[in-house]
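Read off the chains here:
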Amino acid sequence: MKKVFVVGALAVIVIAASGVISACASGHAAAPPPEWVSDMRAVYPDHEYIAQQGIGKTRKDAELNGLSAISQYFETQISTEIIGHDSWATENGVTTAVEQFSQDITVQSQTSLIAVRYADDPWYNGAAKEWHTVAYINCNEAWTLYEPQVKKVSAPFLALYNAADAEIDPFTRALRFSAAAPYVLNEGYSVMRNFGQILNPSKAQAAFAASDAARALLPEKITTARQQATVYIDCEKDYSGLLYNAAVSVLSEEGFPVESDPDAASCVCAITVDEGEQAGENSVFFYPALNGTITGETGAVFSFSAKTARQGALDPDLAKRRAYTALAAALKESFVEGLNKKRSSFEQK
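A short tour of the structure in this document, coming up. All of these numbers come straight from a predicted model, not from anything done at the bench. (Residues numbered from 1 in each chain as written. Predicted model: local features only at pLDDT ≥ 70, side-chain atom pairs only at ≥ 80, totals over all residues. Heavy atoms only, no water.)

**Let's talk about the overall build of the protein chain**
Filter applied, for reference: Numbering of helices and strands runs from the N terminus; a helix is a DSSP stretch of H or I covering at least four residues, while a strand is a stretch of E covering at least two. Residue burial is assigned from relative accessible area. The probe radius is 1.4 Å, only protein chains are included, and a residue is buried under 20% of its type maximum, exposed over 50%, and partly exposed in between. Any two residues whose heavy atoms approach within 4.5 Å at even a single point are treated as in contact.
The helix and strand inventory of the protein chain stands at 13 helices and 13 strands. Buried positions account for 40% of the 349 residues belonging to the protein chain. Counted over contacts in the protein chain with a minimum sequence separation of 6, partners at least 24 positions apart contribute 68%.

In structure tokens:
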């Protein structure tokens, strides 16, 4: 019996030792799964964390899988729960609502900037031969890192908006408001706004409160300012209304009403023309050029100029028509360019 006992005891020891050796050889000691495997929200509650489980053949693979899941979570939430999802597009100065986002790159770049951490107790599932972990973001900690990005997108817009709101001259006010639009036209603003809302709702609402209010009012502000900026066109030298109609076309496309009564207009667009007429031996030539100035209630708003190549013909009237037709086309191009430069000058301040 004693021999049997000894042999039996040795057998138990050998079996136990072989189990230890086997576990060591595999590199992973058997361990029960952490609580978060079955109930992640109990360990990482929604009001404190944004958390996603990750699985992979290695611990690093599991962490990368969890990080990817967090990015996908933001992308899905932004797609389905967009805050103030109307963004805008502007064509020829006219603002319209659109719903178009290219958010993946923005979400991934923002996720990489904030503090994504991983569970201190990753778990190896021996049966499936894979690692499990949790990628998580502490919402309050992450907001501290994200807040500078909020100011970066909202502060320039608010500065332009507030300057426009304080502007006295109607025409300049309209240009200032339209200069503010590009800061919220782009997809990045909307994506970042919603990214912040998902990251930390209460802090995002407080941080974006002023820009949200201004953004909601901006389309109406632009429309009202343009309607108030009525323009009288003063063009004494013209040919069949070619220059006048070209100026009307530009102003109409930009949303500015043209007034036939100078006393009823809030500003004047004065256009002066130098025909540059020269008589040839058997024909007439023109080297036409013009200068235009918009003058509002507080003085000159901006100026523009245009000229064309030589225009001529045997018939003087035909030569003149050609000159003014070419000059009208140059006027439209120069006028639009002048408006855009004026808006850009506000953006740079």
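The structure having been displayed, the exposition proceeds.
**Observations regarding the side chain of Ser 190**
Selection criterion: What qualifies as a polar contact is a pair of N or O atoms within 3.5 Å, subject to a donor-acceptor requirement within protein and to the restriction that residues adjacent in sequence count only when both atoms come from side chains.
Assignment of secondary structure puts Ser 190 in helix 9 (residues 187-199). A residue is classified by how much of its surface remains accessible, and Ser 190, at 2% relative accessible area, is buried. Only 3.0 Å separates the side chain of Ser 190 from the side chain of Arg 215, close enough to count as a polar contact.

**Some details on the environment of Ile 137**
Summarising the element assignment, Ile 137 is placed in strand 6 (residues 130-138). A relative accessible area of 0% means that Ile 137 is categorised as buried. A C-alpha to C-alpha distance of 8.0 Å links Ile 137 and Ile 114, two positions 23 residues apart in sequence. Beyond its immediate sequence surroundings of up to four residues, Ile 137 is in contact with Glu 48, Tyr 49, Ile 50, Ile 70, Phe 74, Ile 114, Ala 115, Val 116, Ala 142 and Leu 199.

**Side note on unusual backbone geometry**
Despite not being glycine, Lys 129 has its phi angle at roughly 55°, a positive value. Locating Lys 129 in the fold gives a position in the loop between strand 5 (123-125) and strand 6. For Ser 240, which is not glycine, the phi dihedral falls at a positive 55°. Within the fold, Ser 240 resides in the loop between strand 7 (231-234) and helix 12 (242-253).

**Structural notes on the environment of Ser 211**
Looking at where Ser 211 falls in the secondary structure, it is placed in helix 11 (residues 209-228). Residue Ser 211 is classed as buried on the basis of its relative accessible area, which comes to 1%. Along the primary structure Ser 211 and Leu 158 are separated by 53 residues, whereas in three dimensions their C-alpha atoms are 6.2 Å apart.

**Some details on the nonpolar core**
Rule in force here: Working definition of a nonpolar core: buried Ala, Val, Leu, Ile, Met, Phe, Trp, Tyr and Cys residues. They are joined through side-chain atoms within 4.5 Å.
Ranked by internal contacts, the top residues of the largest apolar core, which has 69 residues, are Phe 171, Leu 199 and Phe 335. Looking at this core, the element that brings in the most residues is helix 6 (residues 139-166), giving 11 residues. Residues within four places of Phe 171 in sequence aside, it is in contact with Ala 229, Val 231, Leu 251, Phe 256, Cys 267, Ile 294, Val 301, Phe 302 and Leu 339. In this structure, Trp 36, Tyr 49, Ala 119 and Val 134 belong to the second largest nonpolar core, which totals eight residues.

**Digging into the sheet that holds strand 11 (residues 289-296)**
Our working rule: We treat two strands as partners when DSSP finds at least two bridges between them. Each axis is a line fitted through C-alpha atoms, taken for helices only over the stretch in contact, and angles between the N-to-C directions span 0 to 180 degrees.
The sheet built from four strands is open, its strands ordered 7-8-11-12 with mixed pairing. Each edge of the open sheet is held by one strand with a lone partner, namely strand 7 and strand 12 (299-307). Strand-to-strand twist across the sheet, computed as the mean angle between neighbouring axes with direction ignored, equals 15°. Here strand 8 (residues 267-274) runs beside strand 11; their pairing, made up of seven bridges, is antiparallel. Looking at the pairing, Ile 271 lines up with Gly 292 of strand 11.

**Describing the pairing of strand 11**
Residues in a regular strand project their side chains so that they alternate between the two faces of the sheet. Because side chains alternate across strand 11, one face comprises the buried residues Leu 290, Gly 292, Ile 294 and Gly 296, and the other comprises Ala 289, Asn 291, Thr 293 and Thr 295, none of which is buried. Two elements, strand 11 and strand 12, share eight bridges in a ladder whose sense is antiparallel. Bridge assignment links Leu 290 to a residue of strand 12, and that residue is Ala 306.

**Observations regarding the state of the cysteines**
Our working definition: Two cysteine sulfurs form a disulfide in these notes if their separation is within 2.5 Å.
As enumerated under the stated definition, the model contains zero disulfides in all. Cys 269 supplies the cysteine sulfur nearest to Cys 235, a cysteine that is in no disulfide, at a spacing of 8.3 Å. Cys 269 forms no disulfide, and the closest cysteine sulfur to it belongs to Cys 267, at a distance of 8.1 Å. Under the relative-accessibility criterion, Cys 269 is labelled buried at 0%.

Distances and angles like these do not, on their own, reveal function.
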